[in-house]
Amino acid sequence: RKNLHLLSSEQIELAKMLIEMGQSHLFEHWPEPGVDDEEKRALFDQLARLNSSYPGGLKSYIETARELLADSKAGKNPFDGFTPSVPTGEALSFGDGIFMNYEQAGIREAKNAAFVLVAGGLGERLGYNGIKVALPAETSTGTCFLQHYIECILALQDASCGLTQGECQKEIPFVIMTSDDTHSRTLELLESNFYFGMKPTQVKLLKQEKVACLDDNDARLALDPKNKYRIQTKPHGHGDVHSLLYSSGLLKIWHDAGLKWVLFFQDTNGLLFKAIPASLGVSATKQYHVNSLAVPRKAKEAIGGITKLTHTDGRSMVINVEYNQLDPLLRATGFPDGDANCETGFSPFPGNINQLIFELDPYIEDLKKTGGAIKEFVNPKYKDASKTSFKSSTRLECMMQDYPKTLPPNARVGFTVIDTWLAYAPVKNNPEDAAKVPKGNPYHSATSGEMAIYRANSLILKKAGVQVDDPVQQVFNGQEVEVWPRIAWKPKWGLTFSEIKNKIGGSCSISQKSTMVIKGSNVSLQDLSLDGTLVVDSVDGAEVKVRGSVKNKGWMVENVDYKDTSVPEEIRIRGFKINKIEQLEKKYSELGKFCLEP
Ligand code: UGB
């Protein structure tokens, strides 16, 4: 009470509420006025931020926490009354007629879409010191994930308007959700690279706030062990993206601009955009309010399972069940083997890759009711079986894919299963953990993420008629992977299968030791025989035909050890580096028609 004069009238109201909510321990230790006054004010500034950034404020946070902590202590099953079963969705097969029709529908719709990248996570499992979106997706070109995503969105924009690069009047909005852990470094990456060609006004960064940690089952807010005038905070999870989009006013702006779709995606999947046109086409054709992208899932793989949950009262929903919950849920509901592969060698539950496509208007209508609040969960680590105290403080968390949990039963919620090789190769695990992944399960490492890009590009070209040599097996950082020719292209060269096919003519072949990098949009391959390295760049408006035989010493993939600190971290976590020995490299800077025939 003696310190009240230090606070504004709003802060006094906040203090009263906190005391009523059993949080007086936050101030009990405060010394006489005149001692640490600045620190006391700083605590209230932080409390005000925590209060305003959570839907319903700290009161609501504490109430929800008490309920969830009581449920957790009682061992209540979050799936009580629900029986899981395998849902049916749209399964796509790359390159067939249906797939290509969906791709065309998706390209038409792309100009009515906004993209949202959730990039607030530090990636603790990867243990990389930088932000994950700054990591090269592949090291033949060195293109980082953020650059790749921006180039994909720009290419989609142009393709959707039916124009060549830069001429499209409609700008696809791009939002990046950051956090205190990633915000300044994301902004710096964008600014120092001129937003990778996107207009700065087209990109919006929304920073998520962390939430207060909780010390006990009464949801007493935890003071920071290092500073008794600060609340300890931790990330709340990617589910924050919904309330942030809503409170930013962006959804209304998009609605007024005639947009129809919002696409959410994660920070390190170099394949994702190969599946975007077709899956957006599925959303548009089937008029899905929510469409989750999924891939065949290996049992125990650290990706959620898309599951149909049917309640005893008749309700049912199709929802992600997170990887740590799927096994206990199955065991408790008559599947004694839990999360196990079936005769196909995969889990019968498709794997959620957290690429979500929402139809904008129903999304806005739902958020008007919820403010974007997502069903949360709590995961306290108890000291002992009495479940009365925690090993360390806990907090509420939420996931963006839990959004459909608040939808009415008539909402059209679907999912699209797509080949893993085409759609999903995230970079999440550090080399040591990746090397311990059970044989046959994906590594999800920087090594496998890069090799998956070459594999996908090789398989796409093969399907388009190019004779691509088989891969060799090699071990990097203890992980055995297929090494295909290192083929990389800018998204504007080919976003869809039909576009790529149209750029290939005659009989083309690429040997396993080869590298091919295509940077121009209008480069076609005619009777090309490549055995070495070829790099072709051209400005828009230059039409380049590459034909004949290219043979040189090329670029070699050489082992490096992840413990070798003389090698930059972003390279050594892959376990290999590209040694550029010899290449044919051509750049066309003038408009016109050219033929590259060595
Ligand atoms: N992220 C944030 O933006 N903010 C946060 O507070 C936390 C994360 P992880 P996770 O597709 O592979 C998810 O840690 O949570 C961003 C799905 O829940 O990489 O283990 C972060 O920057 C799971 O169902 O993933 O698992 C990153 O971009 C499964 O689908 C993204 O959120 C799995 O991803 C995901 O964070 C998958």
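Being a predicted model, the structure only gives us computed values, none of them experimental.

Novice: So what's going on with the overall build of the protein? Residues and values would help.
Specialist: Scanning the protein from N- to C-terminus turns up 16 helices and 33 strands. Along the first, second and third principal axes, the C-alpha set of the protein runs to 85 × 60 × 50 Å. When burial is assessed residue by residue, the protein has 54% of its 598 residues classed as buried. Within the protein, counting contacts between residues at least 6 apart in sequence, those at least 24 apart form 71% of the total. As displayed, the protein has an accessible area near 25500 Å², and 49% of this comes from carbon and sulfur atoms. The distance from the centre of the 70 positive side-chain charges to the centre of the 74 negative ones in the protein is 1 Å.

Novice: Describe the site of the ligand, listing the residues and the values that go with them.
Specialist: Residues in close proximity to the ligand total 24 residues, the closest being Val118, Gln208, Glu322, Asn352 and Tyr424. Residue Gly304 places a main-chain N or O atom 3.4 Å away from an oxygen atom belonging to the ligand. Note that an oxygen atom of the ligand is positioned 2.8 Å from one of the side-chain N or O atoms of Gln401. Contact with the protein chains removes 89% of the 710 Å² of surface that the ligand exposes when unbound.

Novice: Describe the sheet that holds strand β26 (residues 515–518), with residues and values.
Specialist: Strand order in this open sheet of four strands is β23-β26-β28-β32, and the pairing throughout is parallel. Since the sheet does not close on itself, it has two edges, and those belong to β23 (486–489) and β32 (584–588), each with one partner. Adjacent strand axes in the sheet meet at a mean angle of 5 degrees when their direction is disregarded. The pairing of β26 with strand β28 (residues 533–538) spans four bridges and is parallel. Bridge pairing in β28 places Val517 opposite Val535.

Novice: Requested: an account of helix α7 (residues 240–248), with residues and values cited.
Specialist: Of all the positions in α7, only Asp240, Val241, His242, Ser243, Leu244 and Leu245 are classed as buried. Among the residues trailing α7, Gly249 stands out with phi positive, at a value near 80 degrees.

Novice: Requested: an account of the confidence of the model for the protein, with residues and values cited.
Specialist: Across the protein, the average pLDDT comes to 95, with 99% of residues at or above 70. Across the assembled chains, the prediction reports ipTM 0.98 with pTM 0.95.

Novice: Let's hear about the packing of helix α4 (residues 97–109) against helix α5 (residues 145–161): which residues, and what values?
Specialist: Interaxial distance between α4 and α5 falls to 7 Å at its minimum, and their mutual angle equals 95 degrees. Taken together, the axes of α4 and α5 lie roughly perpendicular to each other. Taken together, the residues of α5 that come into contact with α4 (itself represented by Ile107, Arg108 and Glu109) are Leu156, Ala159 and Ser160. Taken together, the residues of the contact of α4 with α5 sort by class into three nonpolar, one polar and two charged.

Novice: Just give me the short version of the side chain of Ser514, but keep the residues and values in it.
Specialist: As for its placement among the helices and strands, Ser514 is situated in the loop between β25 (509–510) and β26. Within the structure, Ser514 has its side chain in polar contact with the backbone oxygen of Leu530 (distance 3.1 Å). Dropping the residues within four chain positions of it, Ser514 is found in contact with Pro485, Arg486, Leu530, Asp531 and Gly532.

Novice: Account for the packing of α7 against helix α11 (residues 360–370), with residues named and values stated.
Specialist: When two helices pack together, their arrangement is given by the angle between the helix axes and by the axis-to-axis distance. The N-to-C vectors of α7 and α11 enclose an angle of 90 degrees; their axes lie 11 Å apart at closest approach. The angle between α7 and α11 falls in the class roughly perpendicular. Contacts between α7 and α11 involve His242, Leu245 and Tyr246 from the first element and Tyr363, Leu367 and Lys368 from the second. Along the lines of polarity and charge, the residues of the contact of α7 with α11 split into four nonpolar, one polar and one charged.

Novice: With reference to specific residues and values, describe the environment of Trp484.
Specialist: With respect to the helices, strands and loops of the structure, Trp484 is situated in the loop between β22 (479–483) and β23. The class of Trp484 is buried, set by a relative accessible area of 6%. As for Trp484 and Ser458, which are separated by 26 residues in sequence, their C-alpha atoms are 6.9 Å apart. Once you skip the residues sitting within four places of it in the chain, Trp484 turns out to touch Tyr454, Arg455, Ser458, Leu459, Lys462, Val468, Asp469, Pro471 and Gln512. Within polar-contact distance, the side chain of Trp484 engages the side chain of Glu482 at 2.8 Å.

Novice: Mind laying out the pattern of salt bridges, listing which residues take part and the relevant values?
Specialist: Counted according to the given criterion, the structure contains 28 salt bridges. With a shortest N-O distance of 3.3 Å, Lys210 and Asp181 are connected by a salt bridge. Here Lys210, found in the loop between β5 (203–208) and β6 (211–212), pairs with Asp181, found in the loop between β4 (174–179) and α6 (183–192); they are 29 residues apart in sequence, far enough to count as distant. Using a relative accessible area of 21% as the deciding quantity, one classes Asp181 as partly exposed. Its salt-bridge partner being Glu209, residue Lys207 comes within 3.4 Å of it at the nearest N-O pair. The class of Glu209 is partly exposed, set by a relative accessible area of 27%. By sharing partners, the salt bridges in this structure join Asp180, Lys207 and Glu209 into a single network.

Novice: Give a description of the packing of aromatic side chains that names residues and reports values.
Specialist: Summed over all chains, the structure comprises 23 aromatic pairs. Seen in terms of ring centroids, Tyr588 and Phe594 are 5.0 Å apart; in terms of plane orientation they differ by 40 degrees. Their pairing is tilted. Here Phe594 falls in the partly exposed class, since its relative accessible area comes to 27%. One aromatic cluster in this structure is built from Phe115, Phe145, Tyr149, Phe174, Phe265 and Phe273. Positioned over the ring face of Phe346 is Lys298, at 4.7 Å from the centre of the ring.

Reading guide: rules and limits
- Residues numbered from 1 in each chain as written.
- Predicted model: local features only at pLDDT ≥ 70, side-chain atom pairs only at ≥ 80, totals over all residues.
- Heavy atoms only, no water.
- Helix = DSSP H or I, 4+ residues; strand = E, 2+ residues; numbered from the N terminus.
- Buried < 20%, exposed > 50% of the residue type's maximum accessible area, 1.4 Å probe, protein only.
- Contact = heavy atoms within 4.5 Å.
- Areas by Shrake-Rupley, 256 points an atom, 1.4 Å probe, with all protein chains shown as cover.
- Lys, Arg positive; Asp, Glu negative; His and termini not counted.
- Charge placed at Lys NZ, Arg CZ, Asp CG, Glu CD.
- Near = heavy atom within 4 Å.
- Polar contact = N/O pair within 3.5 Å; in protein donor to acceptor, adjacent residues only side chain to side chain.
- Pairing = 2+ DSSP bridges.
- Axes fitted to C-alpha atoms, helices over the stretch in contact; angles between N-to-C directions.
- pLDDT = per-residue confidence, 0-100.
- Parallel < 35°, antiparallel > 145°, perpendicular 65-115°, else oblique.
- Nonpolar A, V, L, I, M, F, W, Y, C, P; charged D, E, K, R; others polar.
- Salt bridge = Lys/Arg side-chain N within 4 Å of Asp/Glu carboxyl O.
- Phe/Tyr/Trp six-rings, centres within 6.5 Å; stacked < 30°, edge-to-face > 60°.
- Lys NZ or Arg CZ within 6 Å of the ring centre and 35° of its normal.

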